[in-house]
Each structure stands twice: as structure tokens, then as C-alpha cells.
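# Structural characterization, general
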Amino acid sequence: MDHHDPGRLRLADPAGQPVTWVEDAACRDDPYPDDWFPDTPGTRNPSAARAIDICRSCPVSHDCLRYAQTRPEPHGIWGGMTAQQRLGRRRSYEIRHGTKEGYQAHHRYADLPPCADCREAHRVVQAANRRRREERTG
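Description of the structure in this document. If you're wondering where the values come from, they're calculated on a predicted model, not measured in any experiment. (Residues numbered from 1 in each chain as written. Predicted model: local features only at pLDDT ≥ 70, side-chain atom pairs only at ≥ 80, totals over all residues. Heavy atoms only, no water.)

### A closer look at the state of the cysteines
Keep this limit in mind: For this text, the term disulfide refers to a pair of cysteine sulfurs within 2.5 Å. The rule is simple: take the accessible area with a 1.4 Å probe, protein chains only, and divide by the maximum for that residue type; under 20% is buried, over 50% is exposed, in between is partly exposed.
All told, the structure shown has zero disulfides when counted by the stated rule. Considering cysteine sulfurs only, C64 is the nearest to C27, which forms no disulfide, with 6.2 Å between them. A relative accessible area of 17% means that C27 is categorised as buried. C118 takes part in no disulfide bond, and the closest cysteine sulfur to it belongs to C115, at a distance of 3.5 Å.

### Some words on the packing of aromatic side chains
Aromatic ring pairs: the centre-centre distance and the angle between the two ring planes describe each pair. Counted only if it meets this: Pairing of aromatic rings covers Phe, Tyr and Trp, the last counted by its six-membered ring, and requires centre-to-centre distances within 6.5 Å; plane angles under 30 degrees mean stacked, over 60 mean edge-to-face, and any other angle means tilted. Here a helix means four or more residues in a row that DSSP labels H or I, a strand means two or more in a row labelled E, and each is numbered from the N terminus.
Within this structure, the stated rule accounts for three aromatic pairs. With centroids separated by 6.3 Å and ring planes inclined at 85°, the aromatic side chains of F37 and W78 adopt a geometry described as edge-to-face. Highlighted residues: F37 in the segment before α1 (46–56) and W78 in the loop between α2 (61–70) and α3 (83–92), separated in sequence by 41 residues. Accessibility assignment for this pair places F37 and W78 in one class, buried.

### Regarding helix α5 (residues 116–137)
Side chains three or four residues apart in an α-helix point the same way, a direct result of the helix having 3.6 residues per turn. Worth spelling out the cut-off: In this analysis, the expected span of each helix is defined as 1.5 Å times one less than the number of residues it contains.
With 22 residues, α5 should cover 32 Å at 1.5 Å per step; its first-to-last C-alpha distance of 31 Å lies within 8% of that length. Along α5, the residues classified as buried are C118, A121, A127 and A128. Where α5 ends, the next residue or the one after it, G138, has phi of about 130°, a positive value.

### Points about the nonpolar core
Stated precisely, the cut-off is as follows: As used in this record, nonpolar core signifies buried Ala, Val, Leu, Ile, Met, Phe, Trp, Tyr and Cys residues forming a set joined through side-chain atoms within 4.5 Å. The contact criterion used is simple: two residues touch if any of their non-hydrogen atoms lie within 4.5 Å.
If you look at the biggest cluster of nonpolar residues, it comprises 20 residues, and the most contacted ones within it are L11, V19, W21, W36, Y67, I77 and W78. When sequence neighbours within four positions are dropped, the list of residues in contact with Y67 reads L11, A12, V19, W21 and W78.

### Concerning the pattern of salt bridges
Keep this limit in mind: Any carboxyl oxygen of Asp or Glu within 4 Å of a side-chain nitrogen of Lys or Arg constitutes a salt bridge here.
Enumeration over the complete set of coordinates arrives at six salt bridges. Of the charged contacts in the structure, one is a salt bridge between D63 and R66, with a shortest N-O distance of 4.0 Å. Taken together, the positions of D63 and R66, both in helix α2 and three residues apart, correspond to about one turn of that helix. Here D63 falls in the partly exposed class, since its relative accessible area comes to 32%. The partner of R123 in a salt bridge is E120, and the shortest N-O contact between them spans 2.6 Å. Of the two residues, R123 and E120 both sit in helix α5, three residues apart, roughly one turn of that helix. A relative accessible area of 37% means that E120 is categorised as partly exposed. Connected via shared salt-bridge partners are D30, D35 and R50.

Structure below.
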């Protein structure tokens, strides 16, 4: 894998399945792929600042950030954050994905929208609560 070219990334989730959001990434065809992996870390680096600006308008930046945080990815700009920023954010909270608590944590920490696993867990809990209410009322 050529980690200096976001357009050629072949990413996989923890289960080894291909990550499809990469196809929609704003950085995918960027002519300056090294900007996402600057030699000098930090947001004051002009290359990093440029990459972060592109991330701000990316339709999949949330998925990208989540990917980097669940790895954890120790290098580069992912989801509009440097490795140092992601590390600080990761330490501030942990989300147990795929749980009711995980869904609530997404909202508590403004990590929106919640991931698909947490949305599904929330949907299951809501459906169970509806069934219980219906059983009680008749």
C-alpha cells in the first residue's frame, strides 16, 4: 500500500473487509498526496493546513476520522485532524461502537452522525421499547 497516495489507499475494516468510503474521499484524486503525510507535523505546516481545508468539505471526513481513530493510525491527516489532534481526542473519550451507550456517546461528544453500528443498536433498543409499551397498553 502506498500510504502517500490517498487515491490509491486500499483500506480494510477490523474484519478485513474493504472500506468503500474511500471512493468518495475529497483527497482521492488530489494532485498533492504528500500533503496528507507532511514531514513536519502540526496544523501550522502549510501542506497540513491545505489537507485539513480539503477535509472540511469532504463528504466522508467523519468516516475517515473514525477509521483513523479505531486503528489507531499514527501518521498523517485523517478526517481533518493531525495524528496529535486525534490522539488527544481519543484520550478524551472512548465509544463502545454497536451499543446503546455508544450511540449516546456519539451525541455526548458531538461525534455525529453516529456510526452505522451504533445507529443499528439504537434502532433495536427503540423497537424493543416500542414493543414493551405496546404490550403494557394492550
